[in-house]
Amino acid sequence: MSESPGAGSWFRRFRPAPQAPVRLVCLPHGGGSAGFFLPVAHALAPAVDVLAVQYPGRQDRRGEEPVADLQVLADRITGALAPYRDRPLALFGHSMGATLGFEVARRLEAAGEVPAVLFASGRPAPSIPFEGGLGAAGDERLLAEMDALGGTDAALLRDPELLAMVLPALRADYRAVETYAYRPGPPLTGPVVALTGDRDPVADVEGVLAWEEHTTGPFTAEVFPGGHFFVTDRAEEVLATVVAHLGPGPRPGAGAGAGRTVFTRPATARPPAATPPPRTA
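Since the structure is predicted, the reported quantities are computational estimates derived from the model, not experimental observations. (Residues numbered from 1 in each chain as written. Predicted model: local features only at pLDDT ≥ 70, side-chain atom pairs only at ≥ 80, totals over all residues. Heavy atoms only, no water.)

**Things to note about the overall build of the protein chain**
Okay, step 1: For the protein chain, the helix and strand inventory stands at 10 helices and 10 strands.
Okay, step 2: Out of the 281 residues in the protein chain, the part that is buried amounts to 53%.
Okay, step 3: Here the analysis covers contacts within the protein chain between residues at least 6 apart in sequence; of these, 80% occur between residues at least 24 apart.
Okay, step 4: When the accessible area of the protein chain is evaluated, it comes to approximately 11800 Å², of which 56% is carbon and sulfur surface. (Helix = DSSP H or I, 4+ residues; strand = E, 2+ residues; numbered from the N terminus. Buried < 20%, exposed > 50% of the residue type's maximum accessible area, 1.4 Å probe, protein only. Contact = heavy atoms within 4.5 Å. Areas by Shrake-Rupley, 256 points an atom, 1.4 Å probe, with all protein chains shown as cover.)

**Description of the pattern of salt bridges**
Okay, step 1: All chains considered together, the criterion is met by 13 salt bridges.
Okay, step 2: Taking the shortest distance from any N to any O, the salt bridge between Arg23 and Asp86 comes out at 2.4 Å. Taken together, the residues Arg23 in strand 2 (residues 23-27) and Asp86 in the loop between helix 3 (70-80) and strand 4 (89-94) connect sequence positions 63 residues apart.
Okay, step 3: Overall, Arg23 belongs to the buried group, its relative accessible area being 0%. (Salt bridge = Lys/Arg side-chain N within 4 Å of Asp/Glu carboxyl O.)

**Digging into the nonpolar core**
Okay, step 1: Within the largest apolar cluster, 42 residues are counted, with the highest numbers of intra-cluster contacts made by Phe11, Ile77, Leu81 and Trp211.
Okay, step 2: Here the element with the most residues in this core is helix 4 (residues 96-110); it accounts for seven residues.
Okay, step 3: Apart from the residues lying within four places of it in its own chain, the contact partners of Trp211 are Ala98, Phe102, Leu118, Ala120, Arg123, Pro124, Ala125, Pro126, Val192, Ala194 and Phe219. (Core = buried A, V, L, I, M, F, W, Y, C linked by side-chain atoms within 4.5 Å.)

**Let's talk about the sheet that holds strand 1 (residues 11-12)**
Okay, step 1: Strand order in the open sheet formed by eight strands is 1-3-2-4-5-7-8-9, with mixed pairing between adjacent strands. Lying at the two open borders of the sheet, with one neighbouring strand each, are strand 1 and strand 9 (261-265).
Okay, step 2: The pairing of strand 2 with strand 3 (residues 49-53) spans four bridges and is classified as parallel. Counterpart to Leu24 in the pairing with strand 3 is Val50.
Okay, step 3: Against the sheet, helix 4 contacts strand 2, strand 4 and strand 5 (118-121), and its axis sits at roughly 155° relative to strand 4.
Okay, step 4: Together, strand 2, strand 4, strand 5, strand 7 (192-197) and strand 8 (219-224) form the strand contacts of helix 10 (residues 235-246), whose direction differs from that of strand 8 by roughly 165°. (Pairing = 2+ DSSP bridges. Axes fitted to C-alpha atoms, helices over the stretch in contact; angles between N-to-C directions.)

**Looking at empty space enclosed by the protein**
Okay, step 1: In the structure shown here, the tally under the stated rule is one cavity of 30 Å³ or more.
Okay, step 2: Counted as a void, the largest cavity has a volume near 30 Å³.
Okay, step 3: If you go around the largest cavity, the residues you meet are Ala105, Glu109, Pro115, Leu118, Leu188, Gly190, Pro191 and Val192. (1 Å grid on protein atoms, 1.4 Å probe; cavity = no way out; pocket = protein on both sides within 12 Å on 5 of 7 lines; lining within 4 Å. Points joined across faces, edges and corners; volume = space filled by probe spheres on them.)

**Overview of helix 10**
Okay, step 1: Helix length check: helix 10 (12 residues) gives 16 Å between terminal C-alpha atoms against 16 Å at 1.5 Å per residue, within 8%.
Okay, step 2: Among the residues making up helix 10, those that are buried are Glu237, Val238, Leu239, Thr241, Val242, Ala244, His245 and Leu246. (Expected span 1.5 Å × (residues − 1).)

**Notes on helix 3**
Okay, step 1: Every buried residue belonging to helix 3 is among Leu70, Gln71, Leu73, Ala74, Ile77, Thr78 and Ala80, and all of these are buried.
Okay, step 2: N-capping of helix 3 is provided by Asp69, with a side-chain oxygen placed 2.8 Å from the backbone N of Gln71. (Polar contact = N/O pair within 3.5 Å; in protein donor to acceptor, adjacent residues only side chain to side chain.)

**Considerations on the packing of aromatic side chains**
Okay, step 1: Evaluated as defined, the whole model comprises eight aromatic pairs.
Okay, step 2: Pairing Phe37 with Phe92 gives two aromatic rings, centres 6.2 Å apart and planes at 75°, and the pair type is edge-to-face. You can see Phe37 sitting in the loop between strand 2 and helix 2 (38-44) and its partner Phe92 sitting in strand 4, a full 55 residues away along the chain. The residues Phe37 and Phe92 share a single accessibility class, namely buried.
Okay, step 3: Where Phe102 meets Tyr182, the ring centres are 6.3 Å apart and the plane angle is 35°; that geometry is what we call tilted. A residue pair is termed long-range when its members are at least 10 positions apart, and Phe102 in helix 4 and Tyr182 in the loop between helix 7 (160-179) and strand 7 qualify at 80 residues.
Okay, step 4: For Phe102, a relative accessible area of 2% translates into the label buried.
Okay, step 5: In textbook terms, an aromatic cluster arises when at least three aromatic residues are bridged by ring pairs, as seen for Phe36, Phe37, Phe92, Phe119 and Phe229.
Okay, step 6: Its end group placed over the ring of Trp10, Arg61 keeps NZ or CZ at 4.3 Å from the ring centre. (Phe/Tyr/Trp six-rings, centres within 6.5 Å; stacked < 30°, edge-to-face > 60°. Lys NZ or Arg CZ within 6 Å of the ring centre and 35° of its normal.)

**Thoughts on the confidence of the model for the protein chain**
Regions with low pLDDT carry predicted coordinates that are not meant to be interpreted in detail.
Okay, step 1: When the pLDDT values of the protein chain are averaged, the result is 84; 76% of them are 70 or greater.
Okay, step 2: Scored below 50 in pLDDT, residues 249-256 makes 15 contacts in the model with residues more than four places away or belonging to other chains.
Okay, step 3: A low-confidence stretch, residues 271-281 (pLDDT under 50), is modelled with 30 contacts involving residues beyond four sequence positions or located in other chains. (pLDDT = per-residue confidence, 0-100.)

**With respect to the pairing of strand 4**
Okay, step 1: Counting buried residues along strand 4, six of its six residues qualify, which places the element largely inside the surrounding structure.
Okay, step 2: Here strand 4 shows no split at all, with Leu89, Leu91 and Gly93 on one side and Ala90, Phe92 and His94 on the other all buried.
Okay, step 3: As judged from the five bridges shared by strand 2 and strand 4, these two strands associate in the parallel manner. Its bridge partner being in strand 4, Cys26 is matched across the sheet by Phe92.
Okay, step 4: Taken together, the four bridges between strand 4 and strand 5 define a ladder with parallel strand orientation. Following the sheet pairing, Phe92 is matched in strand 5 by Phe119.
Okay, step 5: Crossover handedness for the path strand 4 to helix 4 to strand 5: right-handed. (Right-handed = clockwise from strand over helix to strand, strands pointing away.)

If you want it as structure tokens, here you go:
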């Protein structure tokens, strides 16, 4: 299929798979870029067509102003997906990308398209407010947070020129997460798979299990050994989970690895999620 210029700036297709039966839209974490999902595209092609989202303000879009509002980002990404809705779409978001994926899923469902699966990784349920205070923090505190969470090349943290390019987008992403306000409404109707690491300081198991309240479709939560970036440390197992849920007749919990815990619930009717009290990361 041809790609419209408007959509092309938002997505990177590292291994185009135009004949794949499903497209997986991957939404990076705060401070991340489309390149984070390069290994995913290579691993899943040609069975899955991976679209990695490139947010404004980073890499080849670094000349654009970062967007510090998740609702605005969700609107723009959903609009840019229009040329790709000729086949089922699934969504995979890590950390900030998980909340953003939820908002994109809401918009797709409102337009009559239920995502094949929403994979929400490394983030508590969207109804749990995030209070970190890093959006207005100084460079040293931001760098300390990046170092503590892992997932960032140590060389980057020592290179002033690279940091000068990365920090504005990172700060905007933290502002976007910290100012995000969940809007109560109907739960999703499609499947949700929530993932976290058992030592993730951002997304504890209780917060991840709360994603169950946000769908009437099948719900699965999987807890892997690891910290916030378990998705890279346990890449093979995470990819096996993705494949199991995207393939024909997906089985919740298929391909479980050593030390992994799986919680499942079939589709059920439930009321919209209430807004619980704030939590801190």
